[in-house]
Amino acid sequence: MPDSNPNKSSKWIVPAAVVGAVGFLYFSVLAKLGYDWWTDENYSHGLLVPLVIGAIIWLERDKLSSSTDAGSRIAGSGTVITAFVLLLAGTLGSELFTQRISLVLMTAGILLYFFGRRLLVNLAVPFTLLILAIPIPQIIFNRISFPLQLWASQVSVWGIRLVDIPVVRKGNVIDILPKGATQVLSLEVVEACSGIRSLMTLVTLALVLAYFTRRDDDGPFGGFSAFDLIRAVSLMVIAVPIAVFTNAARVMGTGVLTFYYGKSATDGVWHDASGWLVYVVALALLIAANIILRRVLKGGARPSPSNVEPKPWARKAGALPLLLALVVGGIAVNWFVSRGEIQVNRSMLSELPKTLGTWGQRGDEIKFGKDIEAVLKTTDYTMREYSAPDGRVANIYVGYYSTQRTGATYHSPQNCLPGAGWVMSDPNIVTITTASGRSFNANRYLLKNGNYYEVMIYWYQGRGRIEASEYDDKVNTIIDSVTRRRTDGAMVRVMTSVGTDEDKAINAAYDLSARLAEQLPAYIPE
C-alpha cells in the first residue's frame with residue numbers, strides 16, 4: 001500500500017530547492033573552479049576533494065544529524081549577506097578568489113541559518129578541505145612559489161656538491177657541465193620542481209590523514225580532540241618542508257644524472273618517473289610523521305557522545321526568504337557575468353614603431369618559448385631591442401591582457417627576475433615625463449647577474465591609468481570593472497646596461513621609457 005504521508009515524500013523539497021538556488025547563484029564560479037581543477041596542476045587535487053568531503057559526511061551522518069538544532073536566523077542571515085557582498089565584489093572586480101571564498105561562506109551561512117552552530121563546528125574539516133582546494137590569488141601564489149623555487153635550487157646545489165660535481169647556481173637556474181662535454185646544460189627549477197604543486201596536495205592529505213586516524217572520533221573541535229587537533233595542525237605544517245625537500249632531492253638527482261648522462265637525464269622516463277616518486281616518498285614521510293605524532297600525542301579520556309535528537313526541517317527557520325534572496329542574487333550575478341566586458345579597439349603590439357625618438361629597433365622581435373608563454377598567459381606581447389645613436393642597447397617588454405576576469409594577470413619582475421639569477425637593488429619610485437608633458441610614476445631597480453649590470457624601469461598601464469604599484473593597479477582594475485566594464489591592461493618593462501656610467505644609463509632608460517609610454521595608448525587603449 002503506497003505511503004500517504006506527505007512529509008516523507010516532501011522532506012527533500014526544501015534542501016533540494018536550496019541546493020538548486022546556490023548552484024544557480026554560483027554557476028559561473030563553480031564552472032570556472034572545476035575548469036581550474038582540471039587544467040591547473042597546482043590544484044588538481046581539488047577534483048578529489050568533493051569526493052572526500054562526501055565520504056566524510058556519509059560516514060559521520062548519524063553524528064551530524066544529531067548535532068542539529070533549531071538554527072540561528074540572525075547569525076545565518078548575517079553570514080549569508082556577507083557572502084553576497086563578497087560575491088558581488090568579486091564578480092564586479094573580476095577577483096576569482098573572493099568569489100570562491102564567498103561560496104564557502106555562503107554554504108556555512110545556510111547551514112548556520114537552518115541547523116545552528118554545532119553542525120557547523122562538526123563540519124570544520126570538510127570546510128577546511130574546500131578552502132585548501134581553492135586556488136589562491138596569482139599575486140600571492142607568485143610570492144610563495146618563487147622563494148620556494150630559490151630554496152629548492154639552493155638545497156639541490158648543496159646536495160650535488162656533496163658528491164663532488166661542479167655546479168653553478170644563478171637564481172633558480174642550475175648550470176652543470178656534463179662529464180666529457182664542452183657545453184654547459186642549464187636546469188631550471190620551475191614551479192613543478194619547487195615543491196609548490198606537491199605542497200598543496202600534501203597539506204590537504206595531511207588533514208585527511210589526521211582526520212581518519214583520530215583516536216577520538218567525537219572530539220569537540222570538528223571531530224578532533226585537543227590532542228588530535230594539535231597533531232593535525234602539526235602534520236599540515238610538517239608537510240611544507242617535506243614537499244620542498246623531496247622536490248629538492250628530485251632536482252639533485254636530476255643534476256647528478258645530467259652530469260653523467262647529459263641532456264637525456266632531464267627528459268623522458270626519468271623526468272616523469274621522478275615526479276611520481278617524489279609524491280610516493282613525500283606521502284611515506286607524511287605517514288611516518290603521523291605515526292610519530294600519534295605516539296607522542298596520546299590524548300586523554302574519551303568524552304561521552306552527544307545524544308541530542310535531530311529535528312525535522314519543518315521546525316527550521318523559514319526557508320522562503322532565503323530561497324528568494326538566492327534566486328534574485330543568482331539572476332543579478334549571472335546577468336553581470338553574461339554581459340561580459342566592453343571590447344576596445346587596439347593595434348597589435350607587433351605593429352609598435354621601429355623608431356622611438358632617436359632609438360631604432362635592433363633585429364627582430366624576441367619570442368618566448370611555448371612553456372613561458374603558457375605561464376605568462378598574455379593576450380598579446382612584444383619583446384625587442386632598441387639601440388641609441390651612441391650604440392647603447394636597451395630591451396623592452398610589453399605584456400598585454402585583454403581581460404583579467406579569467407585569472408590571467410601580470411607577472412611582477414620582482415618575482416620573475418630573482419628566479420633567473422638577478423639580484424635587485426636600489427629600489428626607487430621615479431617620475432617619467434613624456435614629450436607631451438604627461439608624467440607618471442614607475443619603478444626603478446639596479447640589477448646584477450654575474451657580469452651583467454643593468455638598470456630596469458617598469459610600470460603597469462591600462463584604461464588611461466599608469467601605476468608603479470601592482471596593488472594600486474589591482475584596486476583600480478576592480479573600480480574600472482564596475483564603472484567601465486574593463487579589466488584590460490599591461491605590464492611594461494625597459495632594461496639597459498649600466499656600463500661605465502650609471503647616471504647616463506639611468507637617463508637613457510628614462511628617455512626610452514618616456515618615448516615608449518607615449519606610443520602605447522594605441523596598443524593599450526585608454
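Before reading further, recall that the structure is shown in the block above.
Residues numbered from 1 in each chain as written. Predicted model: local features only at pLDDT ≥ 70, side-chain atom pairs only at ≥ 80, totals over all residues. Heavy atoms only, no water.

Novice: Break down the overall build of the protein for me, citing the residues and quoting the values.
Specialist: In terms of helices and strands, the protein carries 19 helices and twelve strands. Burial status across the protein gives 46% buried among its 526 residues. (Helix = DSSP H or I, 4+ residues; strand = E, 2+ residues; numbered from the N terminus. Buried < 20%, exposed > 50% of the residue type's maximum accessible area, 1.4 Å probe, protein only.)

Novice: Explain helix α3 (residues 27–39) to me, using residue names and the numbers behind them.
Specialist: For α3, built from 13 residues, the straight-helix expectation of 18 Å at 1.5 Å per residue is met to within 8% by its first-to-last C-alpha distance of 18 Å. Buried residues of α3: Val29, Leu33, Asp36 and Trp37, and no others. Taken around the axis of α3, the buried residues stretch over an arc of 100°, which confines them to a single face. The outward face of α3, more than 90 degrees from its buried face, is lined by the exposed residues Phe27, Tyr35 and Trp38. (Expected span 1.5 Å × (residues − 1). Arc of directions from axis to C-beta.)

Novice: Just give me the short version of the pattern of salt bridges, but keep the residues and values in it.
Specialist: Pairing between side chains of opposite charge can happen when their charged atoms approach one another. Here the structure, examined in full by the defined rule, presents 14 salt bridges. As a salt-bridge pair, Arg346 and Asp380 come within 2.8 Å of each other at their nearest N and O atoms. Taken as a pair, Arg346 in the loop between α15 (320–339) and β4 (355–356) and Asp380 in strand β6 (residues 380–387) lie far apart in primary sequence, 34 residues in all. With its nearest N and O atoms 3.0 Å apart, the salt bridge here joins Asp426 to Arg444. (Salt bridge = Lys/Arg side-chain N within 4 Å of Asp/Glu carboxyl O.)

Novice: Summarise the pairing of strand β2 (residues 173–176); cite the residues concerned and give the values.
Specialist: Note on strand geometry: in a regular strand, side chains alternate between the two faces of the sheet. With burial as the criterion, each face of β2 is covered, one bearing Val173 and Asp175 and the other bearing Ile174 and Ile176. Taken together, the four bridges between strand β1 (residues 167–170) and β2 define a ladder with antiparallel strand orientation. If you follow Lys170 over to β2, its bridge partner there is Val173. (Pairing = 2+ DSSP bridges.)

Novice: Account for unusual backbone geometry, with residues named and values stated.
Specialist: Its identity is not glycine, yet Lys377 carries a phi of approximately 60°, on the positive side. If you trace the backbone, Lys377 turns up in the loop between α16 (370–376) and β6. The exposed category is assigned to Lys377, whose relative accessible area is 51%. With a phi angle near 50°, Asp426 is a residue other than glycine that sits in the positive phi range. Mapped onto the elements, Asp426 comes out in strand β8 (residues 423–433).

Novice: Which residues make up helix α18 (residues 470–484), and what values do they have?
Specialist: With 15 residues, α18 extends 20 Å from end C-alpha to end C-alpha; this agrees with the ideal 21 Å at 1.5 Å per step. Where α18 is concerned, the buried positions are Glu470, Asp473, Lys474, Asn476, Thr477, Asp480 and Ser481. Relative to the axis of α18, the buried residues are bounded by an arc of 165° and lie together on one face. Regarding α18, its N-cap is Ser469, as a side-chain oxygen of that residue lies 3.2 Å from the backbone nitrogen of Tyr471 further along. Of the residues flanking the end of α18, it is Arg485, one or two places downstream, whose phi is positive at about 55°. (Polar contact = N/O pair within 3.5 Å; in protein donor to acceptor, adjacent residues only side chain to side chain.)

Novice: Describe the nonpolar core, naming the residues involved and giving the relevant values.
Specialist: Of all hydrophobic cores here, the largest spans 62 residues; its most connected members are Leu25, Tyr26, Met106, Ile110, Phe114, Leu129 and Leu326. Dropping the residues within four chain positions of it, Tyr26 is found in contact with Ala83, Leu87, Gln99, Ser102, Leu103 and Met106. Leu352, Ile432, Leu446 and Ala514 belong to the second-largest nonpolar core, a separate cluster that totals 34 residues. (Core = buried A, V, L, I, M, F, W, Y, C linked by side-chain atoms within 4.5 Å. Contact = heavy atoms within 4.5 Å.)

Novice: Tell me about the side chain of Arg384, and name the residues and values.
Specialist: As for its position among the elements, Arg384 is in strand β6. The exposure class of Arg384 is buried, given its relative accessible area of 1%. A polar contact is formed between the side chain of Arg384 and the backbone oxygen of Ser350, at a distance of 3.5 Å. When sequence neighbours within four positions are dropped, the list of residues in contact with Arg384 reads Leu349, Ser350, Leu352, Pro353, Gln361, Glu365, Ile366, Ala394, Asn395 and Ile396.

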